[in-house]
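Working through the structure, step by step
Each chain is listed here by its residues.
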Amino acid sequence: MSASEVQIEFYDKQISMSHGAGGEASRRLIEGLIQPLLANPLLDPLSDAAVFAGPTGRVAMTADSFVVQPLRFPGGSIGELAVNGTLNDLAVSGARPIALSAAFILEAGLPTEVLRHEVEAMAAAARSAGVSIVCGDTKVVEHGRADGMYISTTGLGQVDPRADLGPRRVQPGDQVLLSGPIGNHGMAIMLARAELEIEADIRSDTRSLVGLTAGLVECLGSDLRWMRDATRGGVATVLNELARDAGVTVTIAEEAVPVDDVVRGACELLGLDPLQVANEGQFVAVVAGEKADSALATLRSIPGGERACRLGMVTAGSRPCVLAKAAYGGVRVVDMLVGDPLPRIC
Amino acid sequence: MKYVDEFRDPEMIRKALHEIHALADCRRHYRIMEVCGGHTHAIFRFGLNELLPPNVELIHGPGCPVCVLPMGRIDDGLELAGDPNVIFTAFGDMMRVPGSKGSPLESKARGADVRIVYSPLDALKIALKNPDRRVVFFAIGFETTAPSTALTLLRARALGVKNFVVFSNHVTIIPAIRAILDSPDMRLEGFLGPGHVSTVIGCRPYEFIARDYRCPIAVSGFEPVDILQSLVMVLRQLRAGVAKVENQYGRVVPWEGNLAALRALAEVFEVRPHFEWRGLGFIAHSALRIRDSFAAWDAEKTMPIRGIAVADPKAAQCGEVLKGVLKPHQCKLFGNQCTPEHPIGALMVSPEGACAAHFKYAHLELPQQLPILQG
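Residues numbered from 1 in each chain as written. Chains lettered and ligands numbered in written order. Predicted model: local features only at pLDDT ≥ 70, side-chain atom pairs only at ≥ 80, totals over all residues.

Time to look at the packing of helix α1 (residues 24-38) of chain A against helix α3 (residues 112-129) of chain A. All names here are of chain A. For the pair α1 and α3, the least separation of the axes is 8 Å and the interaxial angle reads 20 degrees. The pairing of α1 with α3 is recorded here as roughly parallel in orientation. With respect to the hand of their crossing, α1 and α3 are arranged in right-handed fashion. For the pair α1 and α3, contact is made by Leu33, Ile34, Leu37 and Leu38 and by Arg116, Val119, Glu120, Met122 and Ala123, respectively. The residue inventory of the contact of α1 with α3, partitioned by class, reads seven nonpolar, no polar and two charged. (Axes fitted to C-alpha atoms, helices over the stretch in contact; angles between N-to-C directions. Helix = DSSP H or I, 4+ residues; strand = E, 2+ residues; numbered from the N terminus. Parallel < 35°, antiparallel > 145°, perpendicular 65-115°, else oblique. Left-handed = near helix turned anticlockwise from the far one by under 90°. Contact = placed C-beta atoms within 7 Å. Nonpolar A, V, L, I, M, F, W, Y, C, P; charged D, E, K, R; others polar.)

Turning next to the interface of chain A and chain B. Between chain A and chain B, the contact holds 35 residues from the first and 40 residues from the second. Split into classes, the residues belonging to the side of chain A that touches chain B amount to 16 nonpolar, eight polar and eleven charged.

A separate point is the nonpolar core. Within the largest apolar cluster, 125 residues are counted, with the highest numbers of intra-cluster contacts made by Ile32, Leu228 and Leu347 of chain B. In terms of residue count, helix α10 (residues 224-240) of chain B provides more of this core than any other element does, nine residues in total. Excluding its chain neighbours within four sequence positions, the residues that come into contact with leucine 228 of chain B are Ile13, Ala16, Leu17, Ile20 and Leu48 of chain B. Counting 102 residues, the second-largest nonpolar core is a separate cluster that includes Ala102, Leu191, Leu299 and Val334 of chain A. (Core = buried A, V, L, I, M, F, W, Y, C linked by C-beta atoms within 7 Å. Buried ≥ 20, exposed ≤ 12 C-beta atoms within 10 Å, placed from the backbone.)

All names here are of chain B. If you walk across this open sheet you meet the five strands as β2-β1-β7-β8-β9, and the pairing is parallel. Two strands close off the open sheet at either side, each with one partner strand: β2 (56-63) and β9 (245-247). Direction aside, the axes of adjacent strands within the sheet are offset by 20 degrees on average. (Pairing = 2+ DSSP bridges.)

This part is about helix α6 (residues 234-246) of chain A. Residue and element names in this part refer to chain A. Between the first and last C-alpha of α6 there are 19 Å, a value that for 13 residues agrees with the 18 Å anticipated at 1.5 Å per step. Buried residues dominate α6, accounting for ten of its 13 residues. Of all the residues in α6, the buried ones are Gly234, Val235, Ala236, Thr237, Val238, Leu239, Asn240, Leu242, Ala243 and Ala246. Buried residues in α6 make contact with β7 (175-178), α4 (184-192), β8 (224-229), β9 (248-253), β10 (283-287) and β12 (321-325). Backbone geometry just after α6 places glycine 247 at a positive phi near 65 degrees. (Expected span 1.5 Å × (residues − 1).)

Moving on, we get to unusual backbone geometry. Here the amide bond leading from glutamine 69 of chain A into proline 70 of chain A is cis, since omega sits at -5 degrees, within 30 degrees of zero. Along the chain, the position of proline 70 of chain A falls in the loop between β1 (59-66) and β2 (72-73). In the Ramachandran plot, arginine 214 of chain B falls in the positive-phi region, its phi being about 55 degrees despite a non-glycine side chain. Among the structural elements, arginine 214 of chain B can be located in the loop between α9 (207-213) and β8 (217-219). For histidine 285 of chain B, which is not glycine, the phi torsion reads 50 degrees and is therefore positive. As for its placement among the helices and strands, histidine 285 of chain B is situated in the loop between β12 (281-284) and β13 (288-290).

As structure tokens, then:
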């Protein structure tokens, strides 16, 4: 059932403190708006906990909170991020999602319309990944205490028995792959904040990575060593974490880094390094060197993986670090970002 | 991307490098200063210094506006930001620069209304949208950004905006270069002239460097090919035993500068008798203040500014690094007490600061053998 067909019975124009007080107004909000939009057999009884049979084997569990401003931006919104972000944490752990939870912290005065849009976005993102939001919570804080709304999600997943991932498995000779072009989400958000008065058609890349990561696990089994979604801090941060955790040097080819022209232009203008800009729909994978070609072919054969590429390779290093090598031979250290990326003008 | 890709072309870069290696006389040691922080950043970002002959040494100059700003000026600005009726605006470059009581970003986290703008005109727009509040634009930069501040003040006057003021911290590049040339512990063979500043002031103001100090200078763009070609120009002059001003960045820099921008600067600003530079001390005629005819939009004339003086931390050797006497990693605090995450000196804050660039791109010994990467 699509969101437009759902019967909504919630007529309050905006959220007030009483919607979080646990009484009649709370009941109206949950039974009238949230539950109908997210409806599924585990959520529908609205009991204290969703009870269901557990999976066998290894499970993955993850939590994430979402505080993005603005709530809606080109290519996505906070609700979509809240589902995809948690799904992606499961995905790069080699797991398929079983169930999600969602907790809302709403600011009094939030238009119902805004909340409805976000719950619908969560429902749509969950539906397209074939997973349900089975439990949740709603709180309301005074006006001015939250930027409209915050969403916190938890994900439970079943780890593919063939997956054996972790920095301890990474070794010299392994290859580093990237799922697609980088920097779109971070630049979309920065421009959507409208503080910079720069206009460019850049859309967030928010999406579920479950299909791509599951394809890799299936193709490679234990030759898939490590995966990480390149969210805040971008590819530079996850590669540095990889280098540090695995005690290796990661060398990437500067010209291999895929960046859309419009994102590259915006980054040049603002003095930002695309490697340090956030993504919400890309991941980095380390695979056994001899399996890199088939891994790349697999990724490219899965819808959404067409622009996957080889990013670089793992070598033994005296000191863990990430290096970028340019076509003309120049080498630089790719460091982690300190704080948020800030535009550079003077 | 046009105007970028052709200046990062590997073949052109190899050609220029080949020429530099051929020109550099192995019996000589060349100390060449890149004046501009933008060059420092580019040199590290593109790994250029690793590709130069060992006897061609690049010295990082004072051309990073936030790096030379004394802490007291930041404290003064942030005191203004403490007024709940004030909206404090500044470039993103300023946001992490520490005053003695924290950075603009930390002030924002404590509740001050601090906003990043991309242009002073955006700050003026904020003032127009918030007529009940006072908008302060914390102006920094060399002649690169000063014209946009001047144009904004001209517009503010034309529109009769009453709730907008500028706290001018604009500085001028020539007195700083002269101070470095006159510094007794400094010996330089040549300069890469600042590209963006020169789009405004042109190339003529550098003539004294060649004439009086017998130092070659090439005004340079910011892409790898630009910087290497400029080095070729300087090395060619040194080999021929001449010293003149050359313009490598001719696609952007007119020899006479930008007359409209210079007129706007002259109308709005006048030269201060002296101004403090972090690490370099007081330099005469080295900064711009707002003329009396624009006093109504001058934060220093309309708002309580105490003129806070803050001494730099004793152990920090920012001054020596700024003058090129010390390399960033030779400072006692580099990489241990002073890091990009906990900067003590401003050189560690700005991505154009020599220390931050050094830390970010070059603080590790690079391995000699790198793997061959396939595309």
